[in-house]
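Fold and geometry: a report
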Amino acid sequence: MPDGLTEDAVLRRGRAPARPAVVSAALGWWALCEAIVAIGLPFDLTKLIHHDVAYYIDAGGRLLDGARLYRDLIEVNPPVMYPLAMIPVALARALGTDAVTMFNLLIAALAFASTAVAVRVATITRATGALPARWLAPLALFAFLVLPGLNFGQREHILAMLLLPYLVAASGTVSALPRRLGIVIGLMAGLGMALKPHFALYLIVTEAIVWLRDREPRELLRPAVIAAAFVPVLAAAITVAALPEYLSFIVPLGRAVYGGYESPLALVVWQRDFIFVVPLIAALLLVRRRPAASEAARLGLMFAGAALAGIVVFLLQMKGWRYQVMPAISFASIGLGMVVAAMAATAASAGSRNAPALASAILLVLSAALTMGAASDDRAIKAEATPLIELARREARGQPILFLSTHLPYAFPVVNESGATWPHHYHHLLPLPGLYGDYDPAKTGRPFRTPAEMGPVEAQFFDTVINDAVKHAPRLIFVDRRRQFPPISDLGLDFIAYFSQDPRFVELLTHYRAAGEISRHDVLIRVN
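Residues numbered from 1 in each chain as written. Predicted model: local features only at pLDDT ≥ 70, side-chain atom pairs only at ≥ 80, totals over all residues. Heavy atoms only, no water.

A closer look at the overall build of the chain
Scanning the chain from terminus to terminus reveals 23 helices and four strands. Relative to its length of 528 residues, the chain is compact, with a C-alpha radius of gyration of 26 Å against a globular reference of 24 Å. Taken along the three principal axes of its C-alpha coordinates, the chain extends 85 × 45 × 45 Å. For the chain, the accessible area works out to roughly 22300 Å², and carbon and sulfur atoms hold 64% of it. The average position of the 46 basic charges and that of the 39 acidic charges among the side chains of the chain differ by 8 Å. (Helix = DSSP H or I, 4+ residues; strand = E, 2+ residues; numbered from the N terminus. Rg over C-alpha atoms; globule rule 2.2 N^0.38 Å. Areas by Shrake-Rupley, 256 points an atom, 1.4 Å probe, with all protein chains shown as cover. Lys, Arg positive; Asp, Glu negative; His and termini not counted. Charge placed at Lys NZ, Arg CZ, Asp CG, Glu CD.)

Let's talk about empty space enclosed by the protein
On inspection of all chains with the given rule, the structure shows one cavity of 30 Å³ or more. Looking at the largest cavity, the residues that line it are L402, F403, L404, W422, H424, Y426, H428, L429, V465, D468 and A469. Secondary-structure elements contributing two or more residues to the lining of the largest cavity are β1 (401-404) and α20 (456-472). For the lining of the largest cavity, the residue count by class is eight nonpolar, two polar and one charged. (1 Å grid on protein atoms, 1.4 Å probe; cavity = no way out; pocket = protein on both sides within 12 Å on 5 of 7 lines; lining within 4 Å. Points joined across faces, edges and corners; volume = space filled by probe spheres on them. Nonpolar A, V, L, I, M, F, W, Y, C, P; charged D, E, K, R; others polar.)

Quick look at the packing of aromatic side chains
Summed over all chains, the structure comprises 23 aromatic pairs. With a centroid separation of 5.2 Å and 70° between ring planes, the pair formed by Y56 and Y82 is classed as edge-to-face. Residue Y56 is found in helix α3 (residues 51-64), and its partner Y82 is found in helix α4 (residues 81-95); the two are separated by 26 residues along the sequence. Owing to a relative accessible area of 5%, Y56 belongs among the buried residues under this scheme. Consider the rings of Y70 and Y246, whose centres lie 5.2 Å apart with planes at 45°: the pair is tilted. Here Y70 is found in the loop between α3 and α4, whereas its partner Y246 is found in helix α11 (residues 245-257), with 176 residues between them in sequence. Residue classification places Y246 among the buried residues on the basis of a relative accessible area of 16%. Aromatic ring contacts, followed pair by pair, group Y426, Y436, Y439, F448, F461, F462, Y498, F499 and F505 into a single cluster. (Phe/Tyr/Trp six-rings, centres within 6.5 Å; stacked < 30°, edge-to-face > 60°. Buried < 20%, exposed > 50% of the residue type's maximum accessible area, 1.4 Å probe, protein only.)

A closer look at the sheet that holds strand β2 (residues 476-480)
Taken together, the four strands give an open sheet; going across it, the order is β1-β2-β4-β3, and neighbouring strands pair in mixed fashion. Two strands lie at the open edges of the sheet, namely β1 and β3 (512-518), each paired on one side alone. Direction aside, the axes of adjacent strands within the sheet are offset by 20° on average. In this structure, β1 lies alongside β2, joined through four bridges in parallel fashion. (Pairing = 2+ DSSP bridges. Axes fitted to C-alpha atoms, helices over the stretch in contact; angles between N-to-C directions.)

Examining the pairing of strand β4 (residues 521-526)
The side chains of a regular strand alternate, first on one face of the sheet and then on the other. Burial analysis of β4 places five of its six residues in the buried class, which makes it a mostly covered element. As defined by bridge partners, β2 adjoins β4 across five bridges and the pair is classed as antiparallel. Residue L476 lies in a different strand from β4, and its bridge partner there is I525. Pairing analysis gives five bridges linking β3 to β4, with the strands arranged antiparallel. Each bridged residue has a counterpart across the sheet, and for A514 the counterpart in β4 is L524. With antiparallel pairing between neighbouring strands as the criterion, β3 and β4 make up a hairpin whose turn holds two residues, including S519 at a positive phi of roughly 50°.

Okay, here's the thing in C-alpha cells:
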C-alpha cells in the first residue's frame, strides 16, 4: 500500500489493496458486523416492547385520530417524541401492519443509518487517524443493537444514535466537513437533544472540548453547531405557540408531582449501570495515553466527554432508571472500543496477528452475554404480562380497559399487544406519589385526603380519572397490588377506596364483578 494512504483511501480510489492481509481484515470486519447484527437484532424485534415506548406508540395513534396533546393526553414530558411516534403508526396503518413492529424496524433502520453516516464523517474528518474509519461500525452496532436490551427505542437510545455522527465529526478535523453534511448531522443531533431539555448538555460539553482543543472561535459557529442548536430552539418555540397548555398546565403539574418519582441520591449513584460506566470512562482516559492508542486519542477524549455528560444528565434527573444512563454507556463503549481497536491494529502490524481476532472475539462474547441476560429479563416480564394480555385480548375485544396503578407497566404494553384501547387522559396514576409525599395520615386518621381537603392539582386529577372511567366504561379494570411508588404503599392507600369517595365511581363499580387476581392485579369485569 502506498505510503501515507490508509486502507480506506485506497478503496476510495478504486484500487484493491495489494496485501491479502487487508482483504482478510475486510472480510473479518464484515463478519464481525454481521455477527453483532445477528446477535442483537432478532431480540430487539421480538422482545416485549418497553412500557414507555409502548405508551408513545399508542399516544401517536390517538393523536393521528384527532386527540390533542396536553388536553386529551396529560403527560409531563416535552412534546417532541409524540410526532416522532406518529410516524410508525401512520406507516403501519398505510401498510396494514402492526405499529409496534413498524416502530422497531424504524429504530433498527436509524441504527444502521447513524452508523453509516458516522463512518462517512470519520472518513472525511480523519476522526480515527490512521485506523480505518469503518471500524466504528461494529462498535456502533454493538452500542445500538445490543447494549439497549429491553430499552430498545427509548428516547435515550434515539438520542445516542442521532448524536453519534456529530460526536465523530467533532473528534476530527471539523473544518474538513462539507457544509451540507455538517447541517445534516447538526439537525440529527438537534433532534435528539430536543427530546429532553437535559440533553442540551451534550452539545455544551462537546463544543467545550472542541474549543479547548483547537482554540478557534470560528469553529463554534460552523454549520453543524448552528443546526444542532436551532432544532431545540425551534421545538421550544413551536411548543409555546401551538401547545399553550404545556406552560399553563403541564409545567405546574410536573413541578407539583414529578418529584414523587425521584430516588434517594445514594440509590441513584450506586445503581449497577452507573457503577459500570465510571470505570469504563476511567479506562478510556488512561488507555488513550498509551502510544499504541495515540491515533484514536482525539476520538477517545470526545467520547469520554460525552459519557461524562451522560452521567451528569443521569444525575440531574434523579430517577435512577436504568435506561437514562444508556447514552453514557454507549459513548464510553464506542470510545474505548476504538482505542482498543487502534492498539490491536498496532499490535498486528508489529507481528501479533492474534490481537484483532481476540478483540473481535471479546466483543462477540460480550454481545452474546448481554443479549442472553436481556432475554432472561424479557422472559420474566412476559411471564407476568402475557396473562394480562391474553385476558384483555379475550375479554375486551378492542374495548377500553383501565389500570389503577402508579406504575406504567403493565397498562402498556398490554393495550398495544391485546388490541384494547386506552381513551383516558392519564396513562397511569402519575400525580399520586408526588401529591402525597408530605402527607401525614396521623393528622387525619386516613391514608388519603377527602375531596374537600384536596388541592387544585389533586382535585383535577381525581375528577378527571373518574370522569374518564364513567364516560368510557372500561370492559376491564385492573387494580395493581404490587408495591407502589413511595409513599403510596406505605400509606396503605387503596385505589378503589380512594376513588370510591365519589358516588359516581361507586355507582360505576356496581356494573362490575370480581374475577380474581392475575399477575398481582385484581381484575374487575364489566357485566352489562
